[in-house]
Amino acid sequence: MRYLTIAIGCALIILSPATARPQAAVDTLLSVGANATVEVDNMVGDITISTWDRSAVRVQATGPADVHFDREESEVSVEAEMVPGHGRETDFTLTIPKDADIHVHTVEGRISIEGTTGRIDAHSVKGLVRVNGGRNAVEVGSVEGGVELSGARGRIEAHSVNEFVALTDVIGDIEATTVNGPVTLERCDTRSLEASSVNGAIVFQGPIHSDGWYSMETHNGTIELTIPQDASATISAFTYNGDFEADFPVTVTEAEPGKTTTFRFGSGDARIELETFNGSIVLKRSNQ
Amino acid sequence: MTGSTKDVWLAADGDARAFERLYHDHVPRVHGLARRMVGPEEADELTQDVFVLAWKKLDTFRGDAAFSTWLHRVAVNVMLGYRKTKSRERERYAATDEPVERVQVRPASTEIGVDMETAIETLPGKAREVFVLHDIEGYKHDEIADLLHIAVGTSKSQLHRARMLLREQLTA
Amino acid sequence: MSEHPTERLSAYIDGELTADERTSVEQHLETCADCQGVLADLRGIVVRARSLEDRPPESDLWTGIEARLDERPEVVPLETHRARRRPSFTMPQMAAAAVALIVLSVSATWWARSGAERGTDGGPPVAAVPPDTATPTQLASLDYDTAVADFEELLTMYSDRLDPQTVATVEANLMVIDEAIDEIVEALEADPERSQLYDSLTSARQRKLDVMRQTTSIIRTSI
């Protein structure tokens, strides 16, 4: 009797799928308080997260792993534990409060997060990471997979190693890097940008703020920068083996052979540094 | 400079005898940690790994913490790394000789009770790590959260889970 | 009777409850023999855990360790050790011509980037070293070499845990950066007047550090 009481009182839930577990399914609802934090640790399999207006976390899992839940007040933790001899891939689908903070990690699998407004930390070793949303601090990354981030605001870090990094409609300080792939930033509103690749293009399109600092560097790739009509910026551009191209008339302020070329727009307030070793630097004019 | 501190410097400069003295001073704690984290079968090998790695990394020991603290951190990282490897190997190669279900070891007789060390070995992964680090090694939850990359709340709840599981075994 | 606060008993023992929570648990305990029993059991476990004794291994492990001590990195330990404590070191890995040039020029860029613009956490820990003992460039280079060596060691440590394909990918990408560095160094040797190339070299080296740092971070948190 004593044990029964304890079992009921204990907040810890361990779900062990039955012995015949080829595709055991888990579907659990856990209520959480305000400012929830949701943590998911998977080894092999995808993690898909969306939001709802309830103060609860719904966890659905399909696959052979044992799924362990921990919940303490506003923190929910979900962990997949592999069961020997029962296959590999366990996929998670979570529905969480919109403003929850998220920590998601998987080794082999995709991560997809849609519409959240909390902090995000989402990393996969070998899978695409696709995130829409996130506020304050958003860190997304993959070693072998690409990274897609849209609609995030705050301090943004997006890193890949062997794939592309694509940011769209992002507002805030941005650090976006990869080694082997392009870094594209479309409609990104930032006052601090650090974008770099080694084998890949860098593309930036967004407002240029007069108090902003923008750095784009690659080794083997084109740098394409779209300059708004009203921009006030000084561009320091350097390419060793590439060319300068512009689809509008550009006034070169300083040009020394073999050195950095400087272009000035408006009163030249914002600082923009462009550097590519083997690629070209392309300046475009936007209509905005 | 204490003898031990001197040995650390000598060892960092390549003096194997000094390192052997350090080994004898510190091996009980490292081996104890290994036994509890990975079990007695692998404790010897992991202990050796810890000291070999410590030897290789000694020149990164900057003396801003006690050597024992530094060594212990090296040891914890080796153990945690090993446990991850093992779990990943199990998953990758889907060993057929492993039991399908983890069988809860229960004491055959309550007269003797189950040895605490043995009971710890039956704890599930994270609960075991947290319990060993917190209740035996004296780490704080925020340090454990950092080491294991889990939330502080997770560390706390895993600790409670571990204690309750041990209670079942030790007091049944 | 109110719900059993079992899940709070560990936090209660560890003194981690708020005053209100503690009071609530204590009020419950006064009237609940079951929870008193659980609490006593848990306290007993905590005490037993603390009193576990460490003992030396039953078999001799030192012989096996000693046999493996020559696994130490190929760099002469004494020199490595001293190099990290004294500024009078040699600078490995860099082409001699490039080194001479870098000393003249890289430091300003590196200081500016690591300090003013990227923040101390974005660059190598240059600022932590007393500036009167060596030039910033030398120390930056030293930290760079140290960081590279540490990372390579770490990758080795993780290599048995990582998918070989991932390790190969990371190594291939580091090689991509190394090739970029080599290309810049060659350009510098051919064309030392191109001062911007010093910055490029610094950037490429910095990028390698960043990639190593980020990769480590992702691998550590994911695995």
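Reading the values: the criteria
- Residues numbered from 1 in each chain as written.
- Chains lettered and ligands numbered in written order.
- Predicted model: local features only at pLDDT ≥ 70, side-chain atom pairs only at ≥ 80, totals over all residues.
- Heavy atoms only, no water.
- Helix = DSSP H or I, 4+ residues; strand = E, 2+ residues; numbered from the N terminus.
- Buried < 20%, exposed > 50% of the residue type's maximum accessible area, 1.4 Å probe, protein only.
- Contact = heavy atoms within 4.5 Å.
- Areas by Shrake-Rupley, 256 points an atom, 1.4 Å probe, with all protein chains shown as cover.
- pLDDT = per-residue confidence, 0-100.
- Patch = residues over 30% accessible without salt bridge, like charges linked within 9 Å, V, L, I, M, F, W, Y side chains within 5 Å.
- Salt bridge = Lys/Arg side-chain N within 4 Å of Asp/Glu carboxyl O.
- Lys, Arg positive; Asp, Glu negative; His and termini not counted.
- Charge placed at Lys NZ, Arg CZ, Asp CG, Glu CD.
- Axes fitted to C-alpha atoms, helices over the stretch in contact; angles between N-to-C directions.
- Parallel < 35°, antiparallel > 145°, perpendicular 65-115°, else oblique.
- Nonpolar A, V, L, I, M, F, W, Y, C, P; charged D, E, K, R; others polar.
- Arc of directions from axis to C-beta.
- Pairing = 2+ DSSP bridges.
- Phe/Tyr/Trp six-rings, centres within 6.5 Å; stacked < 30°, edge-to-face > 60°.

## Describing the overall build of chain C
Okay, so step 1: Counting its regular elements, chain C contains 9 helices and 0 strands.
Okay, so step 2: Listing every helix and strand of chain C by position from the N terminus yields α-α-α-α-α-α-α-α-α.
Okay, so step 3: A burial count over chain C gives 48% of its 223 residues as buried.
Okay, so step 4: Nonlocal contacts in chain C, meaning residues at least 24 apart in sequence, comprise 62% of its contacts between residues at least 6 apart.
Okay, so step 5: Roughly 11,000 Å² of accessible area belongs to chain C as shown, and the carbon and sulfur atoms make up 52% of that amount.

## Some details on the confidence of the model for chain C
Residues and elements named next belong to chain C.
Okay, so step 1: On average, residues of chain C carry a pLDDT of 66, and 60% of them reach 70 or more.
Okay, so step 2: Between the elements of chain C, mean pLDDT differs from a low of 30, seen in helix α6 (residues 96-117), to a high of 91, seen in helix α1 (residues 9-13).
Okay, so step 3: Across residues 72-140 the pLDDT falls below 50, and counting only partners more than four positions away or on other chains, this stretch makes 103 contacts in the model.

## Some points on a negative patch on the surface
Okay, so step 1: Together, Glu179(C), Asp182(C), Glu186(C) and Glu189(C) make up a negatively charged patch on the protein surface.
Okay, so step 2: As for its position among the elements, Glu186(C) is in helix α8 (residues 164-190).

## Brief notes about the packing of helix α6 (residues 125-136) of chain B against helix α8 (residues 152-171) of chain B
Residue and element names in this part refer to chain B.
Okay, so step 1: Two numbers describe how α6 lies on α8: the axes approach to 8 Å, and their chain directions differ by 95°. Put simply, α6 runs roughly perpendicular to α8. Residues Lys126, Ala127, Val130, Phe131, His134 and Asp135 of α6 form the contact with α8, whose participating residues are Ser155, Gln158, Leu159, Arg161, Ala162, Arg163 and Leu166.
Okay, so step 2: Of the residues assigned to the contact of α6 with α8, the class counts are 6 nonpolar, 3 polar and 4 charged.

## A closer look at helix α7 (residues 141-148) of chain B
Residues and elements named next belong to chain B.
Okay, so step 1: Every buried residue belonging to α7 is among His141, Ile144, Ala145, Leu147 and Leu148, and all of these are buried. Viewed end-on, α7 has its buried residues packed into an arc of 165°, placing them on one side of the element.
Okay, so step 2: One or two steps after α7, the chain reaches His149, where phi turns positive at roughly 55°.

## Some words on the pattern of salt bridges
Okay, so step 1: Inspection of the entire model under this criterion finds 24 salt bridges over all chains.
Okay, so step 2: The salt bridge involving Lys126(B) is made with Glu79(A); its shortest N-O contact spans 3.4 Å. Here the residue Lys126(B) occupies a position in helix α6, and Glu79(A) occupies one in strand β7 (residues 75-81), the pair thus bridging two chains.
Okay, so step 3: Classification of Lys126(B) by relative accessible area gives buried; the value is 10%.
Okay, so step 4: Residue Arg163(B) pairs with Asp135(B) through a salt bridge whose shortest N-O separation is 2.8 Å. In this pair, Arg163(B) is assigned in helix α8 and Asp135(B) in helix α6, connecting sequence segments 28 residues apart. With respect to burial, Arg163(B) and Asp135(B) carry one shared label: buried.
Okay, so step 5: A cluster of three or more residues bridged by salt bridges with shared partners is formed by Arg35(B), Arg36(B), Glu117(B) and Asp54(C).

## What about the pairing of strand β15 (residues 153-159) of chain A?
Residue and element names in this part refer to chain A.
Okay, so step 1: Sheet topology places strand β13 (residues 135-142) next to β15; 7 bridges connect them, and they run parallel. Along β15, the bridge assignment pairs Val138 with Ile156.
Okay, so step 2: Relative to strand β17 (residues 171-177), β15 runs parallel, the two sharing 7 bridges. Bridge pairing in β17 links His159 to Thr177.

## Some thoughts on unusual backbone geometry
Residue and element names in this part refer to chain A.
Okay, so step 1: Residues other than glycine seldom take positive phi values, yet Asn35 does so here, at roughly 50°.
Okay, so step 2: Residue placement: Asn35 occurs in the loop between β2 (25-31) and β3 (37-41).
Okay, so step 3: Note on Asn35: relative accessible area 61%, which makes it exposed.
Okay, so step 4: Even without glycine at this site, Asn136 takes up a positive phi of about 70°.
Okay, so step 5: As for its placement among the helices and strands, Asn136 is situated in strand β13.
Okay, so step 6: For Asn136, a relative accessible area of 48% translates into the label partly exposed.

## As for the packing of aromatic side chains
Residues and elements named next belong to chain A.
Okay, so step 1: Overall, the coordinates contain 10 aromatic pairs over all chains when judged by the stated rule.
Okay, so step 2: Their ring planes at 75° and their centres at 5.6 Å tell us that Phe244 and Phe263 sit as a pair that is edge-to-face. Of the two residues, Phe244 is situated in strand β24 (residues 244-246) and Phe263 in strand β26 (residues 261-265); the sequence distance between them amounts to 19 residues.
Okay, so step 3: By relative accessible area, Phe263 is classed as buried at 5%.

## A few points about the pairing of strand β11 (residues 120-124) of chain A
Residue and element names in this part refer to chain A.
Okay, so step 1: The buried fraction of β11 amounts to 5 of the 5 residues, a majority that puts the element mostly inside the structure.
Okay, so step 2: Of the two faces of β11, the one lined by Ile120, Ala122 and Ser124 and the one lined by Asp121 and His123 are each fully buried.
Okay, so step 3: Note: strand β9 (residues 101-106) against β11, 5 bridges, orientation parallel. Its bridge partner being in β11, Ile102 is matched across the sheet by Ile120.
Okay, so step 4: Across 5 bridges, β11 lies against β13 in parallel orientation. Paired with Ile120 across the two strands is Val138, which belongs to β13.

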